[in-house]
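Take a look at the letters that make up each chain.
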Amino acid sequence: MTGDQPTELPLAGMRVLEVSSFVAAPLGGMTLAQLGAEVIRVDPLGGAPDHSRWPLAPSGTSLYWAGLNKGKKSITVDLRSAEGQRLVTRLVAESGPDGGIVLTNAVGRRWLEYGELVRHRPDLVHVQVEGHHDGTPAVDYTVNAAVGFPMVTGPEGHADPVNHVLPAWDIACGLYASLGILSADRRRRITGQGQRMSVALYDVALAMAGNLGFLAEAQVNRVVRKRLGNYLYGGFARDFATRDGGRVMVCALTRRHWADLLDATGLAEVVGALERSLGADFSTEDDRFEYREVLAGLLNRWFARHDLAEVRAALAGTSLLWSVYNTFSDLVADDLIASNPMIQVIDQPGVGSHLAPGIPLAFGVGARAPVARAPVLGEHTEEVLAATLGFSDAELAELVERGVVGPAPAERTAV
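Here the residue numbers are simple positions, counted from 1 along each chain's written sequence. Selection of residues for local features in this predicted model requires a pLDDT of at least 70, selection of side-chain atom pairs for listing and counting requires 80 or more, and totals for whole chains, interfaces and linings are taken over all residues. Where side-chain values are given, they derive from all heavy atoms of the structure, hydrogens and water being excluded.

Participant: Outline the overall build of the protein, listing residues and values.
Facilitator: Each helix is a run of DSSP H or I of at least 4 residues and each strand a run of E of at least 2, with the numbering of both proceeding from the N terminus. A count of helices and strands for the protein gives 17 helices and 11 strands. Along the longest, intermediate and shortest principal axes, the C-alpha atoms of the protein span 85 × 45 × 40 Å. Here the term buried applies to any residue with accessible area under 20% of the maximum for its type, exposed to any over 50%, and partly exposed to those in between, with areas from a 1.4 Å probe on protein chains only. Of all 415 residues assigned to the protein, the portion counted as buried reaches 43%. Nonlocal contacts in the protein, meaning residues at least 24 apart in sequence, comprise 69% of its contacts between residues at least 6 apart. The Shrake-Rupley method, run with a 1.4 Å probe sphere, supplies the accessible areas, and residue values consider only the shown protein chains as cover. Element-wise, carbon and sulfur atoms account for 56% of the exposed surface of the protein, whose accessible area totals about 21,000 Å². Charge separation in the protein, taken as the distance between the mean sites of 37 positive and 48 negative side-chain charges, equals 3 Å. Note on contacts: a residue pair is in contact if any heavy atoms of the two residues lie within 4.5 Å. The convention is simple: Lys and Arg are positive, Asp and Glu are negative, and His and the chain ends are not counted. By convention, charge coordinates are those of NZ in Lys, CZ in Arg, CG in Asp, or CD in Glu.

Participant: Lay out the packing of aromatic side chains with the relevant residues and their values.
Facilitator: Planes of paired rings set the category: under 30 degrees apart is stacked, over 60 is edge-to-face and the rest tilted, where pairs are Phe, Tyr or Trp rings (Trp by its six-membered ring) whose centres lie within 6.5 Å. A full pass over the atoms with the stated rule returns 8 aromatic pairs. The interplanar angle of 70° and the centroid separation of 5.5 Å between the aromatic rings of Phe236 and Trp258 together place this pair among those described as edge-to-face. Of the two residues, Phe236 sits in strand S7 (residues 236–241) while Trp258 sits in helix H9 (residues 255–265), which places them 22 residues apart along the sequence. Residue Phe236 is classed as buried on the basis of its relative accessible area of 0%. The exposure class assigned to Trp258 is buried, which follows from its relative accessible area of 5%.

Participant: Lay out the sheet that holds strand S8 (residues 247–252) in plain terms, naming residues and giving numbers.
Facilitator: Reading across the sheet, the 3 strands line up as S7-S8-S9 and stay open at both edges, with antiparallel pairing between neighbours. Strands with a single pairing partner mark the edges of an open sheet, and in this sheet they are S7 and strand S9 (321–324). When the angles between neighbouring strand axes are averaged without regard to direction, this sheet yields 15°. Pairing geometry for S8 and S9, over 4 bridges, is antiparallel. Along S9, the bridge assignment pairs Cys251 with Leu321. Here H9 sits on the sheet in contact with S7, S8 and S9, set at roughly 135° to S8. A pair of strands is labelled paired if DSSP reports no fewer than 2 bridges between them. Axis definition: a line fitted to C-alpha atoms, limited for helices to the stretch in contact. Angles are taken between N-to-C directions and run from 0 to 180 degrees.

Participant: Talk me through the side chain of Glu18; I want residue IDs and the actual numbers.
Facilitator: With respect to the secondary-structure elements, Glu18 resides in strand S1 (residues 15–19). Judged by its relative accessible area of 0%, Glu18 is buried. Excluding residues that lie within four positions of it along the chain, Glu18 makes contacts with Ala25, Pro26, Gly29, Met30, Val39, Ile40, Arg41, Val42, Asn69, Lys72 and Leu103.

Participant: I'd like to hear about the pairing of strand S4 (residues 101–104), residue by residue, with values.
Facilitator: Here S4 shows two buried faces, one formed by Ile101 and Leu103 and the other by Val102 and Thr104. Note that S1 and S4 share 4 bridges and pair parallel. Across the sheet, Glu18 pairs through a bridge with Leu103, a residue of S4. Relative to strand S5 (residues 125–130), S4 is paired through 4 bridges, and the arrangement is parallel.

Participant: I'd like to hear about unusual backbone geometry, residue by residue, with values.
Facilitator: Of the consecutive residues Trp54 and Pro55, the connecting peptide bond is found in the cis state with omega at 0°. When you line up the elements, Pro55 lands in the loop between strand S2 (38–44) and helix H2 (63–68). One non-glycine residue, Phe22, lies in positive phi territory at about 70°. Along the chain, the position of Phe22 falls in the loop between S1 and helix H1 (24–34). A relative accessible area of 35% means that Phe22 is categorised as partly exposed. If you check the backbone angles, Arg222 has positive phi at about 55° while not being a glycine.

Participant: For the confidence of the model for the protein, give the residues involved together with the corresponding values.
Facilitator: Looking at the protein, pLDDT values average 95 and 97% of them are 70 or higher. This model gives residues 1–6 a pLDDT under 50, and the stretch forms 14 contacts once residues within four places in sequence are excluded. In predicted models, pLDDT denotes the confidence assigned by the predictor to each residue on a 0 to 100 scale.

Participant: Got a sec to walk through the packing of H9 against helix H12 (residues 292–304)? Specific residues and values, please.
Facilitator: H12 packs onto H9 with a crossing angle of 40° between their chain directions and a minimal axis gap of 11 Å. Relative to H12, the element H9 is oriented oblique. Crossing geometry of H9 relative to H12 is assigned as left-handed. Across the interface between the two elements, Trp258, Leu261, Ala264 and Thr265 of H9 pack against Leu295, Leu299 and Trp302 of H12. Following the grouping adopted for this structure description, the nonpolar residues are Ala, Val, Leu, Ile, Met, Phe, Trp, Tyr, Cys and Pro, the charged ones are Asp, Glu, Lys and Arg, and the polar ones are all others, Gly among them. Looking at the contact of H9 with H12 residue by residue, the class counts come to 6 nonpolar, 1 polar and no charged. Throughout, the term roughly parallel applies to angles under 35 degrees, roughly antiparallel to angles over 145, roughly perpendicular to angles from 65 to 115, and oblique to all others. Handedness of a helix crossing follows the sense of rotation of the near helix relative to the far helix, less than a right angle counterclockwise being left-handed and clockwise being right-handed.

In structure tokens form, the structure reads like this:
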């Protein structure tokens, strides 16, 4: 690292066994790995269902899998066989005083559940990611539909539900899972006792619907929230098109933001006259929201008469919150992205050299942890079994020959 941060990351020494797939649990494990934990992802022979999930590199390597497993170790085991299950159980039980931590979203594997593993590791920390609190399955798209967000997302007046592209509940659920592990590990250090935890994807979404006031608004105020397009509910924010086809998102959340927007666009006098004629006070969020369409109409004309470069110049240096709309292609071509200290260049087998993010946390005065690539599937099987369980080369070769564990991958590149 650079800066004043010690070279050792906060979770150095922690050992986590992850049996997972898709987004939430892998993200939770990767978060711990990026904070310094040794996270061993256990996959079935040939990989879990997410190992070949789109998007793919030209080689067929999953960019999705590589992105969510950076910094981990990878082993492949025949999880259907009793011998393979015993190996994984031993990895949990014999992983040292800072081990005995399991993160999983696997279902239907009784041998991997808390009640079975705790018999082999009394201080076990076990976090189970679920769809619903009763164990029934769910994914981000079904949870999002169930909680109501698609009914308030999309253009004003649109009749059909609109799903968001970002798997927001998966992301939040994965971070809750990593937070659960850290809290349970702290308790174990104090009391010596392990912890069984579970986090349900639906509960994460439901909690945020409540925390953000959506549920209370419906229950207490009896309000049926309507779609507003790109307007901000309860304030003034929306997108505007420029003369040359650019598009800018503008958020005026405070009195100062609003004043700076009027100064930058030269509309202070016109808006002031409108304010007086309506008996409104546009320095307040309430009135800006109530008259949002009138105000947006005035601002639309100003943005439509200026090119994007002129808009950038007018808004630069103000307190106003604003951004140009970008595509993902715009982002990777932007020097500002490449210069972000969180972003580094890694060489991922099957993908090649590309920009990849580390953890968004900065340490000390801006110091960042190095970004480690994702493993090749099964890359560390022999290393982990030898180091943790003491297998010899001959024993490892025999396990591979019998199909209990996967062979070393043909492609292996140094981190």
